[in-house]
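# Residue-level structure breakdown
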Amino acid sequence: MDLDHKGLNGQIINDQIMNKNITDRFQWKDRLLGLILPVALLFAWQGLVNLKLYSDLILVPPLKVVGTLVYLAGTGELTTHILISLQRVLTGFLIGASSGFLLGLLMGLSATINRSLGPFIKALKQVPEFAWMPMIILVFGMDELAKDVFIAIGAFYPMVFNTYQGVSGVPHKYQELARVFDFKNIRFLQKVVLPSALPSILTGLRLSIGLSWMFVVGAELFGTESGIGYMMYSGREMFQIDVVIAGLVVIGAIGFIMNALLKVVENRVLVWNVSVEGGQG
Amino acid sequence: MDIIVAENIRKKFKLKNGQKVKNNGVVSDEVEALSGFNLKIRKGEFLVLVGPSGSGKSVFLDLVSGLSAPTGGVIYLDGKPVQAPSAKTGYVFQQYALFPWRTALSNVECGLEAKGVPKDERVRIARELLSLFGLSDFEDRFPYQLSGGMQQRVSIARALATKPEVLLMDEPFAALDAQTREILQNELIRIWEGTDTTVIFVTHSIDEAVFLADRVAVVTARPGRIKELIEIDLPRPRTGEIRSSTEFARNRHKVWLALKSEVSKAEQYTKLATGFAG
């Protein structure tokens, strides 16, 4: 083999790495762009406060929210609420996502299972999440199990559909290759189906966790005295708007961080996937 | 000695619902890809199939590999009818043939995994093959990090890893640029000349066929059957220089003559029967 050719290819790969650095830099610029709106809103908010059109009780100043956050964090109350909510998210997510994964896998592998279960699940998906609540309270009461079920329903759908899509969409070429290399049964599943479906499954996982985090706040509407949702509801009852807004900020921030972390994990796991490189969350 | 005997092969495909094709004025929902296809392939030879698009060359490879079954007739490999894919055949596809989630090394290991070859041994064999193709420095790269030519080298290395008796190559270089294509042809012929593997190679390029082949089998327009078998009387080992020799041009002309009328026939077919890309 001639060395020139190798050198040429080495060059191409170096170029790819350089291009990646360039896109990274552009991404930082894009991220700064994303900060403009929140900062502008903060200024507008402070401006409205300065106009003194409303009482401080209704239109709390931004700094007061920060103060409340610092205070709540200082007493440990905030951390306790967050940890309890996260625990609920985790339980509900594990139940919902694992059953969604299993069902999606079965539906993807067998057309018969898909034909018998698919339409029913799609119909169920049309029921808005919060419409389940009266039913859940009737069946499971108001305790932790009811919350887990509520969150699990939310976590279930993205997982079942994305897993199904990934598993049923294994390109024909890979199935042919599997036959050539004699990958059968478990080996076929492990070496062809799951890797090929992995990008789709991970997307499902990320959506699923995101929805769990959204629904935990709903689940904490009833029958509990803990969690970030409860913190906000009690804040509303006592007319502490600063606590309510602090809750919103915390929920948004944690959701954002979870999504970003999962995106990092996704990029790590999917190093082989071209479309992941430089992709945005 | 013949390693592969194809006897009176027929292969029909049913078109998708509502699709129709016109064969000699008869409208049908079936396409006959091969009909009366007879071919004997000698052990250890490099046989190249050329023919117009849609003449069923790739279909024949699928039948030999056991990926699909003939509608009629039998293909014997080592005297036994082919029924399912076996380790006796290796397959190199035109494109998208590497598992994108595996590194170059791991892709080459593929065929050895189902055979229960231990990991150390797999890695040893795979490294050896990658180095044969000058890819030692790229063993930990994923397919998307490799150029098209490198991907096809990995693909060939992978097919060779199981030491198949017959290597099936379906237009493996068709997607490559002209220079890379020639480099890969040179490499393939260098590596193949050191083995006793039988190769069945499908291509559209007459130059490629003449450079590689011991014999060129010209396939007719659809339904495909063997029109002519042409012995390529170029000496081995062959190197790139042979391409500019007069003997090369003479062989090239023989193949071209046999192919010319079939290609124009096939073009008329496609004008009549649009919608079939076969």
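### Observations concerning the overall build of chain A
- In terms of helices and strands, chain A carries 10 helices and zero strands.
- Going from the N terminus to the C terminus, chain A shows its helices and strands as α-α-α-α-α-α-α-α-α-α.
- A burial count over chain A gives 39% of its 281 residues as buried.
- Accessible surface, chain A as shown: approximately 16300 Å² in total, 69% of it carbon and sulfur.

### Description of the packing of helix H3 (residues 77-109) of chain A against helix H4 (residues 111-125) of chain A
All names here are of chain A.
- Relative orientation of the contacting elements H3 and H4 amounts to 130°, with a least axis distance of 6 Å. Accordingly, the angle class assigned to the pair H3 and H4 is oblique. Mapping the contact onto sequence places Leu103, Leu106, Met107 and Leu109 in H3 and Ala111, Ile113, Asn114, Leu117, Gly118 and Ile121 in H4.
- Its residues placed into classes, the contact of H3 with H4 shows eight nonpolar, two polar and no charged.

### Focus on unusual backbone geometry
All names here are of chain B.
- Following Arg222, the chain continues to Pro223 via a peptide bond in cis, the omega torsion being -5°.
- You can see Pro223 is positioned in the loop between strand E11 (215-219) and strand E12 (226-231).
- In this structure, Pro237 follows Arg236 across a cis peptide bond, with omega equal to -5°.
- Among the structural elements, Pro237 can be located in the loop between E12 and helix H7 (246-272).

### A closer look at the pattern of salt bridges
- Evaluation of the coordinates by the stated rule reveals 31 salt bridges over all chains.
- Between Glu139 of chain B and Arg127 of chain B there is a salt bridge, with the nearest N and O atoms lying 2.8 Å from each other. Pair noted here: Glu139 of chain B is in the loop between helix H3 (119-132) and helix H4 (148-161) and Arg127 of chain B is in helix H3, with a separation of 12 residues, a long-range link.
- Members of the salt-bridge network, linked through shared partners, are Arg88, Glu144 and Glu220 of chain A.

### Examining the pairing of strand E9 (residues 166-170) of chain B
Residue and element names in this part refer to chain B.
- Most of E9 is tucked away, with five of its five residues classed as buried.
- Residue alternation in E9 divides its side chains into two sets, Val166, Leu168 and Asp170 and Leu167 and Met169, and both sets are buried.
- Pairing analysis gives five bridges linking E9 to strand E10 (residues 198-203), with the strands arranged parallel. From the neighbouring strand, Val166 faces E10, where its bridge partner is Thr198.
- Considered for its hand, the β-α-β crossover made up of E9, helix H5 (residues 178-192) and E10 is right-handed.

### Some words on the interface of chain A and chain B
- Contacts between the two partners involve 25 residues from chain A, matched on the other side by 32 residues from chain B.
- A buried area of about 2800 Å², summed over both sides, lies between chain A and chain B, and 66% of it is on carbon and sulfur atoms.
- Across the contact surface, chain A and chain B share one salt bridge.
- A salt bridge links Glu113 of chain B to Lys191 of chain A; the nearest nitrogen and oxygen atoms lie 2.6 Å apart.
- Viewed at the interface, chain B and chain A are joined by four residue pairs in polar contact (both at pLDDT 80 or more).
- Within the residue set of the side of chain A that touches chain B, elements represented by two or more residues are helix H1 (3-51), helix H7 (172-180) and helix H8 (185-219) of chain A.
- Residues belonging to the side of chain A that touches chain B are distributed by class as follows: 13 nonpolar, four polar and eight charged.

### Description of the confidence of the model for chain B
- Scored by pLDDT, chain B comes out at a mean of 88, with 95% of its residues at no less than 70.
- Across residues 274-278 of chain B, where pLDDT falls below 50, the model places four contacts with residues more than four positions away in sequence or in other chains.

### Details of the sheet that holds E10 of chain B
Residue and element names in this part refer to chain B.
- Reading across the sheet, the six strands line up as E8-E9-E10-E5-E11-E12 and stay open at both edges, with mixed pairing between neighbours. A single partner strand is all that each edge strand has here, and the edge strands are strand E8 (89-92) and E12. Averaged over neighbouring strand pairs, the angle between their axes works out to 20° when direction is ignored.
- Examined bridge by bridge, E8 and E9 share four bridges and lie parallel to one another. In the strand pairing of E9, Thr89 is matched with Val166.
- The strands touched by H4 within the sheet are E8 and E9, with E8 carrying the most contacts at an inclination of about 170°.

### Quick word on the domain arrangement of chain B
Residue and element names in this part refer to chain B.
- Considered domain by domain, chain B is made up of domain 1 (2-88 + 165-272) and domain 2 (98-163).
- Summed over both partners, the interface of domain 1 with domain 2 comes to about 1000 Å²; 69% of that surface belongs to carbon and sulfur atoms.
- Inspection of the domain 1/domain 2 interface yields three residue pairs in polar contact (both at pLDDT 80 or more).
- The biggest single contributor to the side of domain 1 that touches domain 2 is H5, with seven residues.
- Here the residues of the side of domain 1 that touches domain 2 sort into 10 nonpolar, one polar and three charged.

### Some remarks on the packing of aromatic side chains
All names here are of chain A.
- Following the criterion strictly, the structure yields 16 aromatic pairs over all chains and no others.
- Here Phe130 and Phe215 contribute two aromatic rings whose centre-to-centre distance is 6.0 Å and whose plane-to-plane angle is 70°, an arrangement assigned as edge-to-face. Linking Phe130 in the loop between H4 and helix H5 (133-140) with Phe215 in helix H8, this pair joins segments that are 85 residues apart in sequence.
- A residue is classified by how much of its surface remains accessible, and Phe215, at 13% relative accessible area, is buried.

### With respect to the environment of Leu270 of chain A
Residue and element names in this part refer to chain A.
- Take Leu270: it is sitting in the segment after helix H10 (241-269).
- The buried category is assigned to Leu270, whose relative accessible area is 1%.
- Considered as a pair, Leu270 and Ile245 are 25 residues apart in the sequence and their alpha carbons are 37 Å apart.

### Topic: H10 of chain A
- With 29 residues, H10 of chain A extends 42 Å from end C-alpha to end C-alpha; this agrees with the ideal 42 Å at 1.5 Å per step.
- Every buried residue of H10 of chain A is accounted for by Asp242, Val243, Ala246, Gly247, Val250, Ile251, Ile254, Met258, Lys263 and Glu266 of chain A.

### A closer look at the nonpolar core
All names here are of chain B.
- Leu49, Phe60 and Ile200 are the most contacted members of the largest nonpolar core, which has 89 residues in total.
- Shared between two domains, this core takes at least three residues from each, and those domains are domain 1 (2-88 + 165-272) and domain 2 (98-163).
- Leave out the neighbours within four places in its chain, and Leu49 touches Leu39, Lys57, Phe60, Ile200, Phe201, Val202, Thr203, Ala217, Val219 and Ile226.
- Grouped together as the second largest cluster of nonpolar side chains are 53 residues, Val48, Leu105, Val123 and Leu135 included.

About the criteria used
- Residues numbered from 1 in each chain as written.
- Chains lettered and ligands numbered in written order.
- Predicted model: local features only at pLDDT ≥ 70, side-chain atom pairs only at ≥ 80, totals over all residues.
- Heavy atoms only, no water.
- Helix = DSSP H or I, 4+ residues; strand = E, 2+ residues; numbered from the N terminus.
- Buried < 20%, exposed > 50% of the residue type's maximum accessible area, 1.4 Å probe, protein only.
- Areas by Shrake-Rupley, 256 points an atom, 1.4 Å probe, with all protein chains shown as cover.
- Axes fitted to C-alpha atoms, helices over the stretch in contact; angles between N-to-C directions.
- Parallel < 35°, antiparallel > 145°, perpendicular 65-115°, else oblique.
- Contact = heavy atoms within 4.5 Å.
- Nonpolar A, V, L, I, M, F, W, Y, C, P; charged D, E, K, R; others polar.
- Salt bridge = Lys/Arg side-chain N within 4 Å of Asp/Glu carboxyl O.
- Pairing = 2+ DSSP bridges.
- Right-handed = clockwise from strand over helix to strand, strands pointing away.
- Buried area = accessible area lost by both parts, 1.4 Å probe.
- Polar contact = N/O pair within 3.5 Å; in protein donor to acceptor, adjacent residues only side chain to side chain.
- pLDDT = per-residue confidence, 0-100.
- Domains from an automatic or database assignment.
- Phe/Tyr/Trp six-rings, centres within 6.5 Å; stacked < 30°, edge-to-face > 60°.
- Expected span 1.5 Å × (residues − 1).
- Core = buried A, V, L, I, M, F, W, Y, C linked by side-chain atoms within 4.5 Å.

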